[in-house]
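Coordinate analysis (summary)
Spelled out from the first residue to the last, the chains are:
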Amino acid sequence: QYRGLNELREMYLSFFETKGHLRLPSFSLIPQNDPSLLLINSGMAPMKPYFTGEQEPPRHRVTTCQKCIRTGDIENVGKTARHGTFFEMLGNFSFGDYFKREAIHWSWEFLTSPDWVGIDPDRLYPSIYVDDDEAFEIWNKEIGIAPERIFRFGKEDNFWEHGSGPCGPCSEIYYDRGPEFGCGKPGCTVGCDCDRYMEVWNNVFSQFDNDGNGNYTELKQKNIDTGMGLERLACVVQGVGSLFDVDTVRNITNKVSEIAGKHYGESDKTDISLRVITDHIRSTVMMICDGVIPSNEGRGYVLRRLLRRAVRHGKLLGIDKPFMSDVASTVIKESGGAYPELVEKQKYIHKVIENEEASFNKTIDSGLAILNDKIAASDGKELSAADAFQLYDTYGFPIDLTLEVLEEHGMTTSREEFDRLMNEQRERAREDRKKMGDLGWQSEDLGLDKSIKTAFDGYDTLEESAKIL
Ligand code: ATP
Ligand code: MG
Ligand code: MG
Ligand code: MG
């Protein structure tokens, strides 16, 4: 049965209310009292103090739909069917209350019961931590899943831990979307990185305490922490090709296509840009709403990077006027019911986006003027790599634009030399980040440190070369 994303969110939260959970609104994307995290990236993150017992939760069973940002997934956005930098994570939590049995039974009931989502159970596959025979017994004996349909994975995939503190094995639920979504490689099965077997839900059984030296002791308080991507659930229920084809998200993509005058589904290159813009406008609207302001460091830098990357993709689509604020209206329309703060702050959100887009456009305009001067003063054949790098480094002018303009004048620049200068600069930045500790690594997640390709192959390397600062 068809169900919209907004309906599925409500179904999930009310399902867990029938199981005695207290429904809480999403926490802000800005972590409170947690210097280890730049932005909230999971449902459990803002509830850490309840898991450690540091704070008493309002109830021992809680359910939320949490706004999440994962900048680490930025390179996947628009390319895989299942990753966004922004997504909503549905979660049910037990703080020293119920444990494995209930968590597994309820996740199965919600997904497969005809009274709830009613997914075909033959398409679902659980995974468990390699040693977790208790979870195996529950899936096999109680739920009735055949042993060969239960996948055992190692620590990397199925043991959740974050430094020291509460941790434990987890059990994920995968959905087989069918061979048409597979990579076709031999051995492609649950756990393959392609888009066929999509992980929809992760149930974490936090039952151990890690003292920080790898010594595990059983916790007195056993906790449950689960997370299911709302967009992924909707993708499965709606039977669509990717997160970007889910009803509310697709409305945003359609808005961008309309502005760009480009049809979705016509070419891969265009589609990737449409999806990148769709994703980034969602994350930026949500971040601005929660109080992040564009800047050159920390969260503000993440916001700036995402906004400008979206504008840049707009240019690739041939959009030659400010458009982000217009697209933001669609985001607010689609999500304003679930997040009323979006409606309350809409004027402010539009203002921030308009300012940032204008300042980026100004960067591009002044960069173009400088480049044209340099071209006029050149030998008409080559621009020095040092000049190209200065445009990039000092004025934030993207290298691919420089190359494009040079080409129009029948000119070139040494890409090898440019890359060398760029790598030198990255080394310096890496050193600086080391000094910043944990927070520094967050900006590395943005892909700024990826060693760039040496050959210029048109727009494909755009993301890697777009300099945003
Ligand atoms: P994947 O292996 O597919 O990248 P994950 O194991 O990193 O997912 P978890 O950290 O277990 O994901 O998060 C819990 C759930 O949140 C996932 O099962 C998935 O449904 C959803 N999720 C995770 N990352 C994303 C993302 N980038 N975009 C949309 N949904 C996501
Ligand atoms: Mg992941
Ligand atoms: Mg995974
Ligand atoms: Mg997972």
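Predicted model only: the values in this text are computed from it and were never measured.

Calculation criteria
Residues numbered from 1 in each chain as written. Chains lettered and ligands numbered in written order. Predicted model: local features only at pLDDT ≥ 70, side-chain atom pairs only at ≥ 80, totals over all residues. Helix = DSSP H or I, 4+ residues; strand = E, 2+ residues; numbered from the N terminus. Rg over C-alpha atoms; globule rule 2.2 N^0.38 Å. Buried ≥ 20, exposed ≤ 12 C-beta atoms within 10 Å, placed from the backbone. Contact = placed C-beta atoms within 7 Å. Pairing = 2+ DSSP bridges. Near = placed C-beta within 6 Å.

The subject of this paragraph is the overall build of the chain. Check the secondary structure of the chain and you find 17 helices and 11 strands. For 469 residues, the compact-globule formula gives about 23 Å, and the C-alpha radius of gyration of the chain, at 24 Å, lands near that figure. On the principal axes, the C-alpha backbone points of the chain span a range of 80 × 50 × 50 Å. Among the 469 residues that make up the chain, the fraction classed as buried is 41%. When contacts within the chain are restricted to residue pairs at least 6 apart in sequence, long-range pairs at least 24 apart make up 69% of them.

Of the pairings in the sheet, the one linking strand 3 (residues 86–95) to strand 9 (residues 216–229) comprises 5 bridges and is antiparallel in character. Following the sheet pairing, Phe95 is matched in strand 9 by Asn223. Note: strand 8 (residues 197–210) against strand 9, 9 bridges, orientation antiparallel. The partner of Asn203 across the bridge, within strand 9, is Thr226. In this antiparallel pair of consecutive strands, strand 8 and strand 9, the connection spans 5 residues, and Gly212 shows a positive phi of 100°.

Every one of the 16 residues lining ligand 1 counts as a neighbour, but His83, Phe87, Asn202, Gly227 and Gly229 are closest to it. If you list the elements that add at least two residues to the shell around ligand 1, you get strand 3, strand 8, strand 9 and helix 6 (230–238).

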